[in-house]
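Chain by chain, the residues:
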Amino acid sequence: MKKLLWASLLFVPVTVAAGPGARIAPAWLTEGVLYRYQAPDGARADRLAALKDLGVTAVVTGPSRLAGEDLAAYCREAHRLGLKVIAPYDGDRATPGPDGYRVKGADGRSPDHWDRARRQLDAERPNLALVADNSNLRNQFVAFDAEYSPPWPATVRAVKRGEKPLGELARMWAFMKGNRPDGARIVRFATQPNDPVELAFAFALDGVPAVDAGAEARNGELVRALCRLRTRTPALNRGSLA
């Protein structure tokens with residue numbers, strides 16, 4: 001399977017016509033590397049220096065209990081080190097501190113709701129990033145800067161299990177590109193965080209790569225190398241595969 005995934009890095013997707021463009025997202029998001037916590041309270045300020053050394057550029061705090069002054073202090077330390085923070089979004093008005101918000105259950109509200117919320121946030125903090133947990137096709141016209149799109153990791157899992165042919169990766173990539181705004185950004189991550197080949201695959205694709213917390217325990221040098229490669233190679237953080 002590892003050889004198949006490496007081979008898939010060389011696929012040439014079907015070229016799709018450009019449609020209406022996605023909103024312009026902050027460069028720190030589109031050119032960066034996310035480090036995402038999944039477990040509650042995983043994000044700790046005393047770990048930030050190690051994450052900076054790893055080479056990631058933004059921390060997704062996940063379902064953390066960080067709030068109020070604790071969250072503000074965490075963000076101050078992250079900013080001191082040159083890191084951005086993406087925190088859970090819990091209301092229509094974002095409090096100062098985080099540089100972005102991850103919106104879980106975004107599909108529970110209409111796209112019009114999020115468009116209105118986005119315009120309000122833009123008036124207050126124009127460089128804020130919003131990342132959606134769903135894959136509504138309207139996400140990135142106005143409201144969101146990137147999305148965790150469930151169809152992509154589901155396809156990767158199916159190919160790895162042998163349930164789908166390798167070519168399904170190219171087909172799904174082209175399908176998702178064709179039905180979203182031109183320039184839309186997908187957060188890419190390894191469905192098995194300790195799989196070095198799948199981790200490299202996430203960095204090789206267009207979109208925003210994310211490293212799951214703990215992946216560096218087995219693949220620390222690989223993560224560092226991938227982060228350096230992304231920050232030093234414009235082709236890996238701009239444009240598209242097609």
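Residues numbered from 1 in each chain as written. Predicted model: local features only at pLDDT ≥ 70, side-chain atom pairs only at ≥ 80, totals over all residues. Heavy atoms only, no water.

Draft legend 1. View of the pattern of salt bridges. Under the counting rule described, the total for this entry stands at 21 salt bridges. The partner of Arg171 in a salt bridge is Glu168, and the shortest N-O contact between them spans 2.8 Å. Taken as a pair, Arg171 and Glu168 lie in helix H7 (residues 167-178) at a separation of three residues, close to a single helical turn. A residue is classified by how much of its surface remains accessible, and Arg171, at 42% relative accessible area, is partly exposed. Glu168 sits in the buried class, given a relative accessible area of 13%. (Salt bridge = Lys/Arg side-chain N within 4 Å of Asp/Glu carboxyl O. Helix = DSSP H or I, 4+ residues; strand = E, 2+ residues; numbered from the N terminus. Buried < 20%, exposed > 50% of the residue type's maximum accessible area, 1.4 Å probe, protein only.)

Draft legend 2. Geometry of helix H6 (residues 151-160). When you tally the buried positions in H6, you get seven out of ten residues, the bulk of the element. Residues of H6 that are buried: Trp152, Pro153, Thr155, Val156, Ala158, Val159 and Lys160.

Draft legend 3. Layout of the pairing of strand E5 (residues 129-132). Burial of the side chains of E5 extends over both faces: Ala129 and Val131 are buried on one face and Leu130 and Ala132 on the other. Bridge analysis of strand E4 (residues 100-103) against E5 gives four bridges, and the strand direction is parallel. For Tyr101, the partnering residue across the bridge sits in E5 and is Leu130. Of the crossover connections in this fold, the one passing from E4 over helix H5 (residues 111-124) to the parallel E5 is right-handed. (Pairing = 2+ DSSP bridges. Right-handed = clockwise from strand over helix to strand, strands pointing away.)

Draft legend 4. Region of the structure containing empty space enclosed by the protein. Under the definition given, this model contains one cavity of 30 Å³ or more. Roughly 50 Å³ of volume is contained in the largest cavity. If you trace the largest cavity, you find it lined by Trp152, Val156, Arg188, Phe189, Ala190, Glu198, Phe201, Ala202 and Leu205. When contributions to the lining of the largest cavity are tallied by element, the ones reaching two or more residues are H6, strand E7 (187-189) and helix H8 (196-204). With three residues, the single largest contributor to the lining of the largest cavity is H8. (1 Å grid on protein atoms, 1.4 Å probe; cavity = no way out; pocket = protein on both sides within 12 Å on 5 of 7 lines; lining within 4 Å. Points joined across faces, edges and corners; volume = space filled by probe spheres on them.)

Draft legend 5. Representation of the nonpolar core. Counting 37 residues, the largest nonpolar core has Tyr89, Trp114, Phe144 and Val211 as its most contacted members. For this core, the secondary structure elements donating two or more residues are helix H3 (48-54), helix H4 (68-80), strand E3 (84-88), E4, H5, E5, H8 and helix H9 (216-232). At four residues, H4 tops the list of elements feeding residues into this core. What Trp114 contacts, discounting residues up to four positions off in sequence, is Tyr89, Val103, Ala106, Arg109, Ala143 and Phe144. Membership of the second largest hydrophobic core comes to 14 residues, among which are Trp28, Leu29, Ala58 and Ala129. (Core = buried A, V, L, I, M, F, W, Y, C linked by side-chain atoms within 4.5 Å. Contact = heavy atoms within 4.5 Å.)

Draft legend 6. Main features of the packing of H6 against H7. It is at 10 Å that the axes of H6 and H7 come closest, and there the two elements cross at 170°. Between H6 and H7, the interaxial angle falls into the category roughly antiparallel. Seen from H6, the contacting residues are Pro151, Trp152, Thr155, Val156 and Val159; seen from H7, they are Glu168, Leu169, Met172, Trp173 and Met176. Residue composition of the contact of H6 with H7, by class: eight nonpolar, one polar and one charged. (Axes fitted to C-alpha atoms, helices over the stretch in contact; angles between N-to-C directions. Parallel < 35°, antiparallel > 145°, perpendicular 65-115°, else oblique. Nonpolar A, V, L, I, M, F, W, Y, C, P; charged D, E, K, R; others polar.)

Draft legend 7. Structural context of the sheet that holds strand E1 (residues 34-36). Taken in spatial order, the eight strands of this open sheet run E6-E5-E4-E3-E2-E1-E8-E7, and their pairing is parallel. Each of the sheet's edge strands pairs with one partner strand only, and the pair in question is strand E6 (146-147) and E7. Where E5 and E6 come together, two bridges link them in parallel fashion. Looking at E6, one finds that Ala132 is bridged to Glu147. With respect to the sheet, H8 is in contact with E7 and strand E8 (208-212), its orientation differing from that of E8 by roughly 155°.

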